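Observations on chain architecture
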Amino acid sequence: MSDYETVPAEVEDETEIPTDHPRYTDLVTRHRIEAGVEKGITHLQGMHAEGRGSAFDYLLGEQTLESAAAAERAAAAQLLLAEDPVISINGNVAALVPGEMVDLAEAVDADLEVNLFNRTAERITAIADHLRDHGATGVKGIEATARIPNLDHQRARVDADGIYAADVVLVPLEDGDRAEALEAMGKTEIVIDLNPLSRSPQVADIPIVDNIVRAVPNMTAHADSLAEASTADLEAIVEEFDREAALEDAEHRIRNGL
Ligand code: PTJ
């Protein structure tokens, strides 16, 4: 048994987590979610979501499958092709990858919009401030006076010039209802979710079955390397991506191991 089976209870900062721990990434992720809850960014339910994601990641070998890497490249190409791309940020996403999301938004010229399942004015403000602390210049979703049709009112709130008008939306760690409602609005949807059977990746045009802490930096690296690519080349990358095969590959890995 490792000397470091658990994070010491008194860890206050993630830099105290030993980098040589075999489950280092999982411990950092857990710590960030805990810190997010303490700061009022992440909802308590975000801990359940994180636990579920962590179990799927364990079964995926805590690595980016080749099929997920292809999805990340296709997603970067799709975001670069978009006219009005928007990245949706909830409490888990803000806690786990705030700076990484700012970098991705810059790389693909997308807006960041706070969009919560458990919406309160306090959490909206805390998340927007947290994103600004990590370099975001404009954050949408504060007033959120437009509505996603056919969804309970609080979860449906979006900005008229943000998610409502977007052609491509990245919705990580999303609940299935809202992903379906966005799909019904005709959005091109990119979903990051470790559970390939969840409704969100099932309805996504580009489902990315990978941990968000790996997926987002990978997408930014792809976007940077595709920055000079032609429209035709970007379209070909999106066209070649096989969403059914990617979902099946992840499910196969989870059920059968290597
Ligand atoms: O901040 P709020 O109020 O908007 O609430 C956010 C949560 C995540 C609590 C809310 O959207 C929710 O309850 O989501 P679900 O229905 O639990 O779905 C979250 C999905 O994200 C699950 O399928 C998890 O497997 C997956 N997931 C969790 N952690 C990660 C993940 N996927 C990728 N990377 C992760 N680190």
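Since the model is a prediction, treat every value here as computed from it, not as a measurement.

1. Remarks on the site of the ligand
- Taken together, 22 residues lie around the ligand, and Arg52, Gly91, Phe117, Arg123 and Asp193 are the ones closest in.
- Here an oxygen atom of the ligand sits 2.6 Å away from a polar atom, N or O, in the main chain of Phe117.
- In the environment of the ligand, a nitrogen atom lies 3.1 Å from a nitrogen or oxygen atom belonging to the backbone of Leu194.
- Within the complex, the protein chains bury 93% of what would otherwise be the 740 Å² of accessible surface of the ligand.
- Looking at the shell around the ligand, the elements that each hand over two or more residues are α2 (45-59) and α4 (91-96).
- Tallying contributions element by element places α2 first for the shell around the ligand, with 6 residues.
- Looking at the shell around the ligand residue by residue, the class counts come to 7 nonpolar, 9 polar and 6 charged.

2. So, the sheet that holds strand β1 (residues 85-89)
- What the 6 strands build is an open sheet, ordered β3-β2-β1-β6-β7-β8; its pairing is parallel. Looking at the sheet topology across the chains shown, the edges are occupied by β3 (139-140) and β8 (206-208).
- Packing against the sheet, helix α6 (residues 121-133) makes contact with β1, β2 (111-114) and β3, and its axis sits at approximately 150 degrees to β2.

3. As for the packing of helix α1 (residues 24-38) against α2
- Close contact between α1 and α2 brings their axes to 10 Å; oriented N to C, the two are set at 170 degrees. With respect to their mutual orientation, α1 and α2 come out roughly antiparallel. From α1, Asp26, Thr29, Arg30, Ile33, Glu34 and Val37 reach across to α2, where they touch Gly46, Met47, Glu50 and Ser54.
- Broken down by class, the residue content of the contact of α1 with α2 amounts to 3 nonpolar, 3 polar and 4 charged.

4. Considering the packing of helix α3 (residues 66-81) against helix α9 (residues 212-225)
- With their axes 8 Å apart at the nearest point, α3 and α9 run at an angle of 55 degrees to one another. It follows that α3 is oblique to α9 by the angle criterion. At the point where α3 passes α9, the crossing takes the right-handed sense. From α3, Ala69, Glu72, Arg73, Ala75, Ala76, Leu79 and Leu80 reach across to α9, where they touch Ala215, Asn218, Met219, His222 and Ala223.
- Classifying every residue of the contact of α3 with α9 gives 8 nonpolar, 2 polar and 2 charged.

What counts, and at which threshold
- Residues numbered from 1 in each chain as written.
- Predicted model: local features only at pLDDT ≥ 70, side-chain atom pairs only at ≥ 80, totals over all residues.
- Heavy atoms only, no water.
- Near = heavy atom within 4 Å.
- Polar contact = N/O pair within 3.5 Å; in protein donor to acceptor, adjacent residues only side chain to side chain.
- Areas by Shrake-Rupley, 256 points an atom, 1.4 Å probe, with all protein chains shown as cover.
- Helix = DSSP H or I, 4+ residues; strand = E, 2+ residues; numbered from the N terminus.
- Nonpolar A, V, L, I, M, F, W, Y, C, P; charged D, E, K, R; others polar.
- Pairing = 2+ DSSP bridges.
- Contact = heavy atoms within 4.5 Å.
- Axes fitted to C-alpha atoms, helices over the stretch in contact; angles between N-to-C directions.
- Parallel < 35°, antiparallel > 145°, perpendicular 65-115°, else oblique.
- Left-handed = near helix turned anticlockwise from the far one by under 90°.

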